[in-house]
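Now for the letters of each chain:
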Amino acid sequence: MCGIFGVMDKRRQMMDGSGIREALSMMNERGSGEGAGYVAYGIYPDYRDCYALHVFFDKACESKAVIDATLEQWGTIEHDEAIPTCDQPNLRVNCTPWRYFFKPDASLAPGSASPEKDIVTNLVMQINASANGAEVVSSGKNVGVFKAGGSRGPGGSGGWPEDVADYYRIQDYEGYIWLAHNRYATNRPELWERPDPFNLHDWSVVENGKTTTYGANRRYVESFGYNCSTGTDSEVIAYLIDLLVRKHGLDISLAIRALAPPYWEEIDRMPEAEQNLNRALRFAYGSATMNGPFTVVAANPDMMVGFTDRGKLRPMVVGECGDRLYIASEEAAIRAMESGVESIARPAAGEPVIGRVAP
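Residues numbered from 1 in each chain as written. Predicted model: local features only at pLDDT ≥ 70, side-chain atom pairs only at ≥ 80, totals over all residues. Heavy atoms only, no water.

A. Spotlight on the pairing of strand 13 (residues 294-300). The element strand 13 is largely enclosed, with a buried count of 7 among its 7 residues. Side chains Phe 294, Val 296, Ala 298 and Asn 300 project from strand 13 onto one buried face, and the interleaved Thr 295, Val 297 and Ala 299 project onto a second face that is buried too. Bridge count between strand 12 (residues 203-209) and strand 13: 6 bridges; the pairing is antiparallel. For Glu 207, the partnering residue across the bridge sits in strand 13 and is Val 296. Sheet topology places strand 13 next to strand 14 (residues 303-308); 6 bridges connect them, and they run antiparallel. (Buried < 20%, exposed > 50% of the residue type's maximum accessible area, 1.4 Å probe, protein only. Helix = DSSP H or I, 4+ residues; strand = E, 2+ residues; numbered from the N terminus. Pairing = 2+ DSSP bridges.)

Pasting the structure below:
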């Protein structure tokens, strides 16, 4: 039921957040006013070599010293500050959004193929698992997640896309890839870390739907050292993509095929070599296979991808205009940002969309 939106410029031309705000607000019937979020790539060029850690502090005066000390054990804090915000009458703030620009000390992870990312991953898992009143919500280079929750009814707070966008002054940021999510809450709307997007260094994820394999998928990814702290599908999906692509070395097309594989009867009709590949993926990654109704849009600094369950029980619309690729729940959202969109397509069930940024 949620509304999701993604846009990528293949030549890294920047887009400010005003169009993303308008596109997501176009799908307000897909939300419940209980949370929304945005993620943008390319927004921190002055700190492009640092990992930008966005942290929610319940009480910054009590928790920040602990996080400072934890980070300084594993690297250098180049700069940190409160994320600029603008109070909104319909949004009740229950945490302090903060950002660190952090350089991990790669020598502290000897033998790792990606020491900086392993350090950042471990820090995110450690901080989010501890009861210290802090939650890391994004941790990549030159990327940031901006999100908030809300609750309905008397005394509740708003959490519509425009409330969240205006709170973070999304229009002031410029990025070449944006993802956005309008949440239809099914549980615990008051937690600001719960709405999509979810991020782990390079990868960010937004999802519309509900996987029925959450428990199996979570147990699988946690067996590799990830800690799932929010109880949401999208957190697990972000970690699964990081595991399959970064740690296992799968191309993103194979990773998607492992997460949303063809039906067995479809595999039986494939040429032998393709049958063998798909059978091997299903056997190797059976515990990572996602079932249930879902559409996922994910991005890293070099690409944006979209894929659905094999029955396409949630919509996915793709638009293109010049160098821009759009993936959204609804065509109206794409046209809200790009009225002259040149082509609109609705990929078949299980047919992934992969857009790559020019080198």
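B. Region of interest: the sheet that holds strand 1 (residues 3-9). Pairing within the open sheet is antiparallel, and its 7 strands lie in the order 8-3-10-1-16-15-17. For this open sheet the edge positions go to strand 8 (143-149) and strand 17 (343-345), each flanked by a neighbour on one side alone. Taking each pair of neighbouring strands and ignoring which way they run, the sheet shows an average axis angle of 10°. Bridge count for strand 3 (residues 35-41) against strand 8 is 7 bridges, and the pairing is antiparallel. Opposite Tyr 38, over in strand 8, you have Phe 146 as the bridge partner. Against the sheet, helix 1 (residues 18-25) touches strand 1, strand 3 and strand 10 (177-182), its axis set at about 30° to strand 10. (Axes fitted to C-alpha atoms, helices over the stretch in contact; angles between N-to-C directions. Contact = heavy atoms within 4.5 Å.)

C. Layout of the pairing of strand 4 (residues 51-57). When you tally the buried positions in strand 4, you get 7 out of 7 residues, the bulk of the element. Residues of strand 4 alternate between two faces, with Tyr 51, Leu 53, Val 55 and Phe 57 on one and Ala 52, His 54 and Phe 56 on the opposite face, all of them buried. Of the strand pairs in this sheet, strand 4 and strand 6 (residues 96-104) are connected by 7 bridges, and their pairing is antiparallel. Along strand 6, the bridge assignment pairs His 54 with Arg 99. With 4 bridges connecting them, strand 4 and strand 7 (residues 134-138) associate as antiparallel partners. Its bridge partner being in strand 7, Val 55 is matched across the sheet by Val 136.

D. Molecular detail of the pattern of salt bridges. Using the criterion set out here, one finds 20 salt bridges in the structure. Of the charged contacts in the structure, one is a salt bridge between Asp 251 and Arg 356, with a shortest N-O distance of 3.9 Å. Remark: Arg 356 occurs in strand 18 (residues 353-356) and Asp 251 occurs in the loop between helix 6 (233-247) and helix 7 (252-259); sequence separation between them is 105 residues. According to the relative accessible area criterion, Asp 251 is partly exposed, its value standing at 37%. (Salt bridge = Lys/Arg side-chain N within 4 Å of Asp/Glu carboxyl O.)

E. Molecular detail of the side chain of Asp 196. Along the polypeptide, Asp 196 turns up in the loop between strand 10 and strand 11 (198-200). Although Asp 196 is buried, it makes no salt bridge; Lys 147 carries the closest opposite charge, 6.2 Å away. A polar atom in the side chain of Asp 196 sits 2.9 Å from the backbone nitrogen of Glu 207. Polar contacts involving the side chain of Asp 196 include one to the side chain of Ser 234, which spans 2.7 Å. (Lys, Arg positive; Asp, Glu negative; His and termini not counted. Polar contact = N/O pair within 3.5 Å; in protein donor to acceptor, adjacent residues only side chain to side chain.)

F. Fine view of the packing of aromatic side chains. Taken as a whole, this structure holds 11 aromatic pairs when the rule is applied. Relative to Trp 98, the ring of Phe 57 lies with its centre 6.5 Å away and its plane at 70°, an arrangement referred to as edge-to-face. Of this pair, Phe 57 sits in strand 4 while Trp 98 sits in strand 6, and the two are 41 residues apart along the sequence. For the pair shown, Phe 57 and Trp 98 are each scored as buried. One aromatic cluster is present, built from ring pairs that chain together Phe 146, Tyr 167, Tyr 168 and Tyr 173. Over the aromatic face of Phe 198 sits the side chain of Lys 147, whose NZ or CZ is 3.9 Å from the ring centroid. (Phe/Tyr/Trp six-rings, centres within 6.5 Å; stacked < 30°, edge-to-face > 60°. Lys NZ or Arg CZ within 6 Å of the ring centre and 35° of its normal.)

G. Region of interest: helix 4 (residues 161-168). In terms of residue burial, helix 4 counts as a mostly covered element, since 6 of its 8 residues are buried. Of the residues making up helix 4, those classed as buried are Pro 161, Asp 163, Val 164, Ala 165, Tyr 167 and Tyr 168. Contacts made by the buried residues of helix 4 are with helix 1, strand 3, strand 4, strand 6, strand 8 and strand 10.

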